[in-house]
Amino acid sequence: MMPLLQNFRRVVVKVGSSLLVDRRASEPKRAWLDALADDIAALHGRGVDVLVVSSGAIALGRTVLGYPSGALKLEDSQAAAAVGQIALSRVWAEVLGARGITAGQILVTLGDTEERRRYLNARETIGRLLERRAVPIINENDTVATSEIRYGDNDRLAARVATMASADLLVLLSDIDGLYTAPPADDPSATLIPLVPRIDAAIEAMAGGPASDLSRGGMRTKIEAGKIATAGGTHMVIADGRIAHPVRRIEQGGPCTWFLTTETPVSARKVWISGSLEPRGLLTVDAGAARALKGGASLLPAGVTHVEGSFARGDCVRIQDAAGVELGRGLVAYDASHAVRLAGRRSQDIVTVLGVTGRAEMIHRDDMILRGE
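Presented here is a report on the structure given in the accompanying data block. (Residues numbered from 1 in each chain as written. Predicted model: local features only at pLDDT ≥ 70, side-chain atom pairs only at ≥ 80, totals over all residues. Heavy atoms only, no water.)

Bringing the overall build of the chain into the picture now. Counting its regular elements, the chain contains 14 helices and 15 strands. Compactness check: the chain gives a C-alpha radius of gyration of 22 Å against a globular reference of 21 Å for 373 residues, within 12% of the reference. Projected onto its principal axes, the C-alpha positions of the chain cover 70 × 45 × 40 Å. Considering the chain as a whole, with its 373 residues, one finds that 53% of them fall into the buried category. (Helix = DSSP H or I, 4+ residues; strand = E, 2+ residues; numbered from the N terminus. Rg over C-alpha atoms; globule rule 2.2 N^0.38 Å. Buried < 20%, exposed > 50% of the residue type's maximum accessible area, 1.4 Å probe, protein only.)

Below you can see the structure in the form of structure tokens.
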């Protein structure tokens, strides 16, 4: 069955440069952005968590600095991004603010979504913004990125953001309304594929190249994004973003391509923790904490009785009860030295013990898998 947009509770919307920027005037397409902001406000208004991954900083900044059209040197791309990011953030704050929505800017690189310590920091920031009903506007930090500045990164970045935020849907707005059996520009008989249950070699073979000189992606990078998203338990949809109200059009059943996943963000994350990460330490917990964990609670410092190993924040550690029975594994929120000092202490004592505020949980429930799950 085709998914229904109204059934998703956390949605990432990716917007490319070619949609957002008027290439002739090198400024944002305000009428189009207003229509998209209406779509975002409609989702937000019914309680959906919305995140936006937005390209456009380099495209907006290059003309201000007088760079000609065409490929830029790395340092020129970085300079253009530094100027354009200001304009990009301002326009998102304005269009969402006009609809009573607070926008928050997050600049990341691919490393922030792959290195566990930085991953946890970015994930926590996103979570706190969503708790306060803000809409994070996320862009690659092109002012400091090196090899990351290349075609297609924001498609893949959007997929990584979606899995990091445990989103259940990634919307890739493109200059085409989905995946076709062949590139439509080359084959007039190509037909739209409305549903992709699984990305296999045949699906990958249908992808074409980059679509425009402003966009850094093409169908090939969108398929790569789909592989990342669906492996992480996130459904993905590719739809035509050139029209007004593109998200509304998806909701109304307009042409698009859905990529399905058999996982949920939580189940996919637990598989990753249990099978892909080598434990670096061990936390022993008391009977009360063991019962609380089995009941779905996070692991608080007060329930930890012993700490072993040399681990850093974000590393995977084993959790065992007083009898030595392994209860599960999780990503620990503190370095080993801090965990030792916090063991047995109340969460409200963290600032007193460490001298700084910290996470209330030693291991958050979302970062943990128990035996039998």
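Across soluble globular proteins, nonpolar side chains have a tendency to be buried as a group. V15, W92 and L96 are the most contacted members of the largest nonpolar core, which has 41 residues in total. Beyond its immediate stretch of four places on either side in the chain, L96 contacts A37, I40, I101, A103, V135 and I137. Ranked by size, the runner-up nonpolar core spans 39 residues in total, among them I106, L120, A158 and L172. (Core = buried A, V, L, I, M, F, W, Y, C linked by side-chain atoms within 4.5 Å. Contact = heavy atoms within 4.5 Å.)

The strand order across the open sheet formed by 5 strands is β12-β11-β13-β14-β15, and the pairing between neighbours is mixed. Edge positions in the open sheet fall to β12 (304-309) and β15 (368-370), since each of these has one partner strand only. Averaged over all pairs of adjacent strands, the angle between their axes in this sheet comes to 20°, without regard to strand direction. Judged from the 5 bridges that link them, strand β11 (residues 281-285) and β12 form a sheet pairing that is antiparallel. Paired with G281 across the bridge in β12 is G309. (Pairing = 2+ DSSP bridges. Axes fitted to C-alpha atoms, helices over the stretch in contact; angles between N-to-C directions.)

Turning next to the side chain of T257. With respect to the helices and strands, T257 occurs in strand β10 (residues 256-259). Polar side-chain contacts of T257 include one of 2.8 Å to the backbone nitrogen of L179. With sequence-adjacent residues up to four places away left out, T257 is seen in contact with D177, G178, L179, L192, I193, P194, V196, M236, V237 and I238. (Polar contact = N/O pair within 3.5 Å; in protein donor to acceptor, adjacent residues only side chain to side chain.)

This part takes up the packing of helix α2 (residues 30-45) against helix α4 (residues 74-97). In contact at an axis separation of 9 Å, α2 and α4 are set at 55° when each is read in the N-to-C sense. Considered as vectors, α2 and α4 are oriented oblique to each other. Where α2 crosses over α4, the handedness of that crossing is right-handed. Along the contact surface, α2 presents R30, L33, D34, L36, A37 and I40, while α4 presents V91, W92, E94, V95 and L96. Per-class residue counts for the contact of α2 with α4 are 8 nonpolar, no polar and 3 charged. (Parallel < 35°, antiparallel > 145°, perpendicular 65-115°, else oblique. Left-handed = near helix turned anticlockwise from the far one by under 90°. Nonpolar A, V, L, I, M, F, W, Y, C, P; charged D, E, K, R; others polar.)

Next up on the list: the environment of G104. Within the element layout of this structure, G104 appears in strand β5 (residues 103-108). Overall, the relative accessible area of 12% leaves G104 in the buried class. Between the alpha carbons of G104 and P194 there is a distance of 33 Å; along the sequence they are 90 residues apart. Each residue touching G104, except ones within four places of it in the same chain, is listed here: V135, P136 and I137.

Attention now moves to the pairing of strand β6 (residues 135-140). The buried fraction of β6 is high, at 6 of 6 residues. Side chains of β6 alternate between two faces, with V135, I137 and N139 and P136, I138 and E140 buried alike. Bridging between strand β4 (residues 49-54) and β6 involves 2 bridges; their strand directions are parallel. Paired with V52 across the strands is I137, a residue of β6.

Geometric descriptors of this kind do not, in isolation, establish any biological role.
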